[in-house]
Every structure is written in C-alpha cells, then in structure tokens.
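The residues making up each chain are set out below.
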Amino acid sequence: MVFLSLVVLVLVAGKVVVSRVSRERRSRRETELRRRLAPREQLVLRGDEPSAELAAVLDAAGGGDWRAVAEYLAEADSDGERDANRRWMRMEPLSTAAAKDDHWLRLWREEEPRNAAAALLQTDALVQLAWEIRTSRYASEVTMEQARGFHQVLREADQAAREAVELAPSEDPNPWVAQIAIAMGLGWSREDFRALWAEVTARDPHHLRAHEGALQYWCAKWHGSHELMHAFVDAALADAPAGSLLTTLRVRAYYEQNTRDKAGAAAYRTPEFTAAVDALVADLAQADPAHPQLQAARGWAAWSLVMNARVVAAFELFQAMGREVAGPWRNYDDPQTAFDRMREITVQAIARAKV
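What this report covers is the structure whose coordinates are included nearby. (Residues numbered from 1 in each chain as written. Predicted model: local features only at pLDDT ≥ 70, side-chain atom pairs only at ≥ 80, totals over all residues. Heavy atoms only, no water.)

What about helix α9 (residues 190-203)?
Because each turn of an α-helix spans 3.6 residues, side chains separated by three or four positions in sequence point in the same direction.
Point 1. Between its first and last C-alpha atoms α9 spans 20 Å; for 14 residues at 1.5 Å apiece the expected length is 20 Å, and the two agree.
Point 2. Those residues of α9 lying buried are Phe193, Leu196, Trp197 and Val200. Axial view of α9: buried residues confined to an arc of 100°, hence all on one face. Summarising the geometry of α9, the exposed residues directed more than 90 degrees from the buried face are Glu191 and Ala202.
Point 3. Each element contacted by the buried residues of α9 is listed here: α8 (174-186), α10 (208-218) and α11 (226-237). (Helix = DSSP H or I, 4+ residues; strand = E, 2+ residues; numbered from the N terminus. Expected span 1.5 Å × (residues − 1). Buried < 20%, exposed > 50% of the residue type's maximum accessible area, 1.4 Å probe, protein only. Arc of directions from axis to C-beta. Contact = heavy atoms within 4.5 Å.)

Encoded structure:
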C-alpha cells in the first residue's frame with residue numbers, strides 16, 4: 001500500500017514537473033514571438049506619421065502656402081503617375097487637413113478659381129467635414145443637429161463636385177469618385193448611383209478607393225443588402241488584375257455582413273470566407289510594394305487569417321505591418337489596443353501549438 005502511494009506520488013509529481021516545464025517553454029516561446037513585433041507603445045495609425053515630403057507640404061499649407069500643395073499634387077502627373085487611385089490617395093491627407101482648417105484652400109480657390117485639383121480637393125474636404133459632423137455612429141445615435149449639419153455640408157460638397165467635374169479632364173474619374181460618399185450620405189436612389197458608378201468605371205474600372213466607397217453604398221446598413229453587396233463584389237472581381245488588391249472587397253463584405261448579423265466565429269470558418277482570404281493573400285503576393293493601400297490590405301488579410309484560425313500566416317503579416325495599424329482595427333474605438341490584442345492572440349496560439 002505504501003509502495004502504491006509512492007508510485008502515485010511520483011506520477012503526480014512528474015506531471016507537475018512536466019506541466020511546469022511546458023508552461024516555461026510556452027512562456028519563452030511567447031516572449032520570443034513578441035520580440036518580433038513592434039511594441040504596443042510604438043504603434044501608430046496608418047497616416048498619423050506622414051512622409052517627410054508630405055509633412056513639409058502640410059506644414060506649408062498650415063502657414064497659408066497653397067502653392068506647395070499645388071506643386072505636390074501636380075507632381076503625380078509630372079512623374080508619370082497617371083493612376084487615378086494613386087492620385088486620389090495622394091490627395092486624401094490634404095483633404096483631411098483642409099477639413100480641419102481650409103484657409104489655405106480658400107486662398108487657392110480665390111487665386112486660381114479654374115484649377116481642377118483645387119476644386120476636387122475642396123469637394124473631398126467638404127465630404128470629410130460632413131462625415132466628421134455626423135460621426136461614424138449608427139443613424140439612431142446621430143442627433144438631429146448633427147444630421148442637419150451633415151446634410152447641409154454634403155449639399156455644398158455636391159455643388160463643389162459638379163464644378164470639379166466641369167474643370168477636370170474628361171478622362172479623370174476622381175471628380176466622379178468624390179461623389180460616391182455624397183450619394184451615400186444624401187441617399188441617392190440605386191438608379192442614380194448606378195449612373196454615377198458607370199461614369200467612374202468608364203474612366204477607371206479598377207479604382208480601389210472608389211470600390212471601397214461603393215461597397216459601403218451597397219451594404220445593408222446604407223442603401224443595399226447582403227445580396228446586392230456581394231453581387232457588386234462579384235462584378236468588381238470578375239476581371240480584376242492580379243495585385244490590384246480589389247480582393248479586399250470580399251473579406252470586407254463578409255465583415256459587413258457578419259457584423260450586422262452578429263454572427264459568431266463559425267461565420268469566419270466557412271469555405272466561402274476561406275476562399276476569400278486565400279484570394280486576398282495571393283493578391284498581396286503580387287501587389288506593387290509601393291501600392292498606397294498595401295498596408296490596409298495587409299491589415300484586412302491578417303485580421304481575416306486570425307478569424308479563419310490561421311495564426312501562423314497572420315503572424316507573418318503582423319510582422320510585415322510593423323508599427324502601422326491599418327485595416328479593420330480603424331473601426332474600433334481604440335485601434336491600437338484592438339490590434340495589439342489580436343497580435344497577442346496569434347502569439348499565444350502559436351506558442352501553445354509549439355509546446
């Protein structure tokens with residue numbers, strides 16, 4: 001009996017030792033993995049730290065020097081950057097700045113009233129200002145005062161957009177792209193929106209920023225439905241060139257659908273979602289390293305891979321993302337914390353699998 005008790009004691013002690021060793025191994029592995037990621041305190045939102053060139057332009061604009069902005073935007077064409085999506089992304093941070101303080105833009109418009117770039121910039125700045133007034137909350141949470149201000153500024157943006165169309169070269173899709181958010185906010189009919197979309201795609205059928213905006217119009221929380229949203233994505237991806245990153249639309253559509261339906265984790269383990277993630281990962285591998293939306297696409301892919309229970313592949317993307325937070329985490333109240341939490345999920349899952 002004593003012998004049996006000793007055997008049991010030894011077995012129990014052995015299990016305790018093995019358990020402690022496993023925990024220590026896992027802890028060391030987690031520490032090793034965390035070292036490969038940017039520290040939480042260094043994380044920044046994509047765009048919060050502009051390039052030196054853009055920072056200089058923004059500083060000049062803040063001092064009233066609109067010519068620095070005009071030259072910066074003109075460089076896109078002079079450098080042969082005819083890609084409308086890239087030109088749009090080059091303009092966006094300037095629109096954001098003008099939405100906060102537009103004194104330099106008003107000076108530009110007064111001195112060069114027929115400048116197409118200034119008219120487009122004013123349009124997008126008004127759109128951004130309108131959405132800032134409204135906030136990103138659900139319609140039921142928006143006050144009457146916010147709603148009135150939102151619609152008033154969007155109507156101003158609509159007028160500015162018409163002028164931008166008139167002044168821009170006929171082949172430029174961006175003055176039409178600027179109207180997508182206006183159409184969504186002012187509740188354009190589906191027929192009118194399809195007419196607008198025809199103008200965009202006739203000039204640039206693969207404009208990623210335009211597609212991201214149109215996806216919002218067609219989702220159920222605005223003026224569409226799950227079916228219309230997925231039909232839109234089907235059409236967008238039918239002839240999308242490799243590396244265009246239009247494949248982000250599919251995972252974003254599932255994000256919209258599952259968020260609205262309050263779907264559980266199983267919704268992200270379906271064959272359809274898995275195929276969407278596979279397509280995005282393949283597209284990322286073929287994308288131009290200088291693509292202006294590459295970091296956002298990495299973010300959507302990393303998030304989707306975690307939701308799809310593929311943490312090793314997600315971890316590799318988290319490493320590639322470095323300090324910049326982009327993708328679905330921008331929809332959270334505290335993006336850096338949410339981003340870091342999901343990185344930690346991958347770290348712990350990988351460490352457990354290695355033990």
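A short note on a positive patch on the surface
Point 1. A cluster of basic residues, Arg20, Arg23, Arg26 and Arg352, forms a positive patch at the surface.
Point 2. No other element matches the three residues that helix α1 (residues 2-35) contributes to the positive patch.
Point 3. With respect to the helices and strands, Arg352 occurs in helix α16 (residues 335-354). (Patch = residues over 30% accessible without salt bridge, like charges linked within 9 Å, V, L, I, M, F, W, Y side chains within 5 Å. Areas by Shrake-Rupley, 256 points an atom, 1.4 Å probe, with all protein chains shown as cover. Salt bridge = Lys/Arg side-chain N within 4 Å of Asp/Glu carboxyl O. Lys, Arg positive; Asp, Glu negative; His and termini not counted. Charge placed at Lys NZ, Arg CZ, Asp CG, Glu CD.)

Quick word on the pattern of salt bridges
Point 1. As enumerated under the stated definition, the model contains 23 salt bridges in all.
Point 2. With a shortest N-O distance of 3.9 Å, Arg90 and Glu53 are connected by a salt bridge. Taken together, the residues Arg90 in helix α4 (residues 84-100) and Glu53 in helix α2 (residues 52-62) connect sequence positions 37 residues apart.
Point 3. Within the structure, one salt-bridge network assembled from shared partners comprises Glu92, Arg209, Glu212 and Arg252.

Looking at empty space enclosed by the protein
Point 1. On inspection of all chains with the given rule, the structure shows one cavity of 30 Å³ or more.
Point 2. The computed volume of the largest cavity comes to approximately 30 Å³.
Point 3. Lining the largest cavity are Leu208, Glu212, Thr248, Arg252, Gln293, Ala296, Ala297 and Trp300.
Point 4. Counting residues per element, the ones that place at least two in the lining of the largest cavity are α10, α12 (248-261) and α14 (294-307).
Point 5. Element by element, the count of residues in the lining of the largest cavity is highest for α14, at three residues.
Point 6. Looking at the lining of the largest cavity, its residues break down into four nonpolar, two polar and two charged. (1 Å grid on protein atoms, 1.4 Å probe; cavity = no way out; pocket = protein on both sides within 12 Å on 5 of 7 lines; lining within 4 Å. Points joined across faces, edges and corners; volume = space filled by probe spheres on them. Nonpolar A, V, L, I, M, F, W, Y, C, P; charged D, E, K, R; others polar.)

As for α11
Point 1. Look at α11: 17 Å from first C-alpha to last across 12 residues, which is about the 16 Å you get at 1.5 Å a residue.
Point 2. Considered for burial, the residues of α11 that qualify are His226, Met229, His230, Phe232, Val233 and Ala236. Down the axis of α11, the smallest arc covering the buried residues is 150°, so these residues share one side. Exposed residues pointing more than 90 degrees away from the buried face of α11 are listed as Glu227 and Ala235.

Overview of the nonpolar core
Point 1. Core analysis: the biggest nonpolar cluster contains 87 residues, and Val69, Trp104, Trp108, Leu121, Phe318 and Trp329 have the highest contact counts within it.
Point 2. Looking at which element gives the most residues to this core, the answer is α14, with eight residues.
Point 3. Beyond its immediate stretch of four places on either side in the chain, Val69 contacts Val57, Ala61, Leu94, Trp104, Trp108 and Leu121.
Point 4. Ranked by size, the runner-up nonpolar core spans 10 residues in total, among them Leu126, Phe150, Leu154 and Ala161. (Core = buried A, V, L, I, M, F, W, Y, C linked by side-chain atoms within 4.5 Å.)

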